[in-house]
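# Structural characterization, general
So the chains spell out like this:
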Amino acid sequence: MKSGKLRHLAPGLLALALLHVPASEARVYCCKDARGQQVCGDVLPAACADRGYRELNSQGATVKQVEAPMTDAQRAKRDADAKKAREEEMVRQEQRRRDTTLLNTYTSEREIDVARDRRIADIEELLSRLREQQQTLSERQKKLEKDAAAFTAKGKRVPSGIKDRLDTNGEDLRQIGENIAQKERDLVDTRKRFEEDRARFREIAGNR
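As a starting point, this report considers the structure included with it. (Residues numbered from 1 in each chain as written. Predicted model: local features only at pLDDT ≥ 70, side-chain atom pairs only at ≥ 80, totals over all residues. Heavy atoms only, no water.)

Now for the pattern of salt bridges. Should the charged atoms of two oppositely charged side chains come close, the side chains can pair. Per the stated rule, a full pass over the model turns up 24 salt bridges. Across the salt bridge formed by Glu109 and Arg202, the nearest N and O atoms sit 3.0 Å from each other. One end of the pair, Glu109, is in helix α3 (residues 109–153); the other, Arg202, is in helix α4 (residues 160–206), with 93 residues separating them in the sequence. In this structure Glu109 comes out as partly exposed when scored by relative accessible area, which is 22%. Here Arg116 makes a salt bridge to Glu195, at a shortest N to O gap of 3.2 Å. (Salt bridge = Lys/Arg side-chain N within 4 Å of Asp/Glu carboxyl O. Helix = DSSP H or I, 4+ residues; strand = E, 2+ residues; numbered from the N terminus. Buried < 20%, exposed > 50% of the residue type's maximum accessible area, 1.4 Å probe, protein only.)

Let's shift gears to the environment of Glu67. By the secondary structure assignment, Glu67 is in the loop between β4 (62–66) and α2 (72–105). When the C-alpha positions of Glu67 and Arg54 are compared, they lie 8.8 Å apart, and in sequence the two are 13 residues distant.

Turning to the layout of surface pockets, a few remarks are in order. Considered as a void within the structure, the largest pocket measures approximately 230 Å³ in volume. Gln95, Arg98, Asp99, Thr101, Leu102, Thr105, Tyr106, Arg193, Glu196, Asp197 and Arg200 together form the lining of the largest pocket. By residue number, the principal contributor to the lining of the largest pocket is α2, which donates six residues. Tallied by class, the residues present in the lining of the largest pocket amount to two nonpolar, three polar and six charged. (1 Å grid on protein atoms, 1.4 Å probe; cavity = no way out; pocket = protein on both sides within 12 Å on 5 of 7 lines; lining within 4 Å. Points joined across faces, edges and corners; volume = space filled by probe spheres on them. Nonpolar A, V, L, I, M, F, W, Y, C, P; charged D, E, K, R; others polar.)

Take the packing of aromatic side chains next. Aromatic ring pairs are reported here in terms of the distance separating the ring centres and the angle at which the planes meet. The final tally for this structure, using the stated rule, is one aromatic pair. Judged by centre distance (6.1 Å) and plane angle (75°), the rings of Tyr29 and Tyr53 are edge-to-face. Placement of the pair is Tyr29 in strand β1 (residues 28–32) and Tyr53 in strand β3 (residues 53–56), with a sequence separation of 24 residues. (Phe/Tyr/Trp six-rings, centres within 6.5 Å; stacked < 30°, edge-to-face > 60°.)

Another point: the packing of α2 against α4. Running from amino to carboxyl end, α2 crosses α4 at an angle of 85°, the nearest separation of the two axes being 10 Å. Here α4 runs roughly perpendicular to α2, going by the angle between their axes. Between α2 and α4, the residues in contact are Gln95, Arg98, Asp99, Leu102 and Leu103 and Asp197, Arg200, Phe201 and Ile204, respectively. Broken down by class, the residue content of the contact of α2 with α4 amounts to four nonpolar, one polar and four charged. (Axes fitted to C-alpha atoms, helices over the stretch in contact; angles between N-to-C directions. Parallel < 35°, antiparallel > 145°, perpendicular 65-115°, else oblique. Contact = heavy atoms within 4.5 Å.)

Put into structure tokens, the structure is as follows:
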């Protein structure tokens, strides 16, 4: 049977026709076209190009099922799902790593509390020193501003030395303010992290 002769055959007739197809031409391709009608041929019909189709042998049995090409939306969803799965697996791996570290570091919740208190004490001590430095710099800034104002009040130009010290001291104040803010955030984060570690330790230690 020549190429294209099998197109549009009904399923029953198709099976019968296949019995007379030489072995070298025994493969037939079928799909549903845009109107829902079955279209078949010994070469892939043009109507099947963007659709799923079946490949049949000489006995009319399906030997291969080919899915329709993905649409852009389907590909985007597939890629998004794959990305989500990878991210979720990374989260699981990271959790396993943290659990292992937690169990290797502590043997009880009490040890976690001791480590937490020690770390908090270190941060609070550093904060205390930073605030003392901030106070010293603030007092120095006020004195420098007073000195500069004295010249201004007399209609005199503020000496460059005072202006430079004002700028330098002001920058030091800004930086130490940022350091204090960061350490205050560290303090909050440390308390939160140790509470989470304590709860997680209780959970995984209880399941061992």
